[in-house]
Amino acid sequence: MEKPLILVVEDDSAVRNLITTTLRTQDYRYQTASGGEAAVAEAASHNPDVILLDLGLPDLDGVEVIRRIRSWSKTPIIVISARSEDTDKIDALDAGADDYLTKPFSVEELLARLRVTFRRLRDAGETSQSAVFSSGGLKIDYANGCVYAEGKEVHLTPIEYRLLCLLARNAGKVLTHTYITNEIWGNAWDNTVASLRVFMATLRKKIEENPSEPKYIQTHVGVGYRMMKI
Ligand code: CA
């Protein structure tokens, strides 16, 4: 099988070289772009498997790049942002990015994010079609609306169940607070992020062995949550 093709969009040549050197060590194929317009053009002509996208680009805002690419493509996009661009990172996820890396990041982090993304791509067909979700000792039987943790059935409230299913259907992808609260409650209610935290805490108590060190649902502080496939 041909190695995955990764489009690296980064205007800082030092960071770009770090990324491409890392990709070479893993035999990934890659292409590079140093601006937003070029990124959109490359994405359209080469149809990469994954896009690594710096948010701070000289010609076009990274979030705009995501919107344009998302108008025709579902290719996973991992955003690379500086800490000062935290709100941009959330806008990027809401615009359709799948994950993010914050600068400075390590080579190991970059490779771990790519593995999560490739795993999600592999599982994508199965995840959307399957009647059952499983990750480690967690199992959701969608057809019967039952959830099992470490072999025991757990009883969830309707909102906890919808929350769990939403995360599971998007396993591997970071979902922002805004996205989750819109999906669960619509945007009609003010205290939704605070409510989300409360429901997440009760959900974790039911499915996690150690709720203070959750293994199924990761917290991304100030951003959102992600279901892990383990
Ligand atoms: Ca930049």
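Cut-off values and rules
- Residues numbered from 1 in each chain as written.
- Predicted model: local features only at pLDDT ≥ 70, side-chain atom pairs only at ≥ 80, totals over all residues.
- Heavy atoms only, no water.
- Helix = DSSP H or I, 4+ residues; strand = E, 2+ residues; numbered from the N terminus.
- Rg over C-alpha atoms; globule rule 2.2 N^0.38 Å.
- Contact = heavy atoms within 4.5 Å.
- Areas by Shrake-Rupley, 256 points an atom, 1.4 Å probe, with all protein chains shown as cover.
- Lys, Arg positive; Asp, Glu negative; His and termini not counted.
- Charge placed at Lys NZ, Arg CZ, Asp CG, Glu CD.
- Phe/Tyr/Trp six-rings, centres within 6.5 Å; stacked < 30°, edge-to-face > 60°.
- Buried < 20%, exposed > 50% of the residue type's maximum accessible area, 1.4 Å probe, protein only.
- Lys NZ or Arg CZ within 6 Å of the ring centre and 35° of its normal.

### Points about the overall build of the chain
Broken down by element type, the chain carries 8 helices and 12 strands. On C-alpha atoms alone, the chain measures out to a radius of gyration of 18 Å, which is about the 17 Å that the 2.2 N^0.38 rule sets for 230 residues. Counting contacts in the chain only where the partners sit at least 6 residues apart, residues at least 24 apart contribute 59% of the total. Looking at the chain as shown, the accessible area adds up to about 11200 Å², and 49% of this sits on carbon and sulfur atoms. Both charge centroids of the chain, one from 28 positive and one from 32 negative side chains, sit 5 Å from each other.

### Some details on the packing of aromatic side chains
Considering all chains together, one arrives at 2 aromatic pairs under this definition. Each ring, one from Tyr 28 and one from Phe 118, has its centre 5.5 Å from the other, and the planes form 25 degrees; the classification is stacked. Highlighted residues: Tyr 28 in the loop between helix H1 (13-25) and strand S2 (29-33) and Phe 118 in helix H5 (residues 107-129), separated in sequence by 90 residues. We classify Phe 118 as buried; its relative accessible area is 12%. Each ring, one from Trp 185 and one from Phe 199, has its centre 5.6 Å from the other, and the planes form 45 degrees; the classification is tilted. Here Trp 185 is found in helix H7 (residues 177-185), whereas its partner Phe 199 is found in helix H8 (residues 192-207), with 14 residues between them in sequence. A relative accessible area of 17% means that Trp 185 is categorised as buried. The residue whose ring lies beneath Arg 169 is Tyr 142, and the NZ or CZ to ring-centre distance is 3.7 Å.

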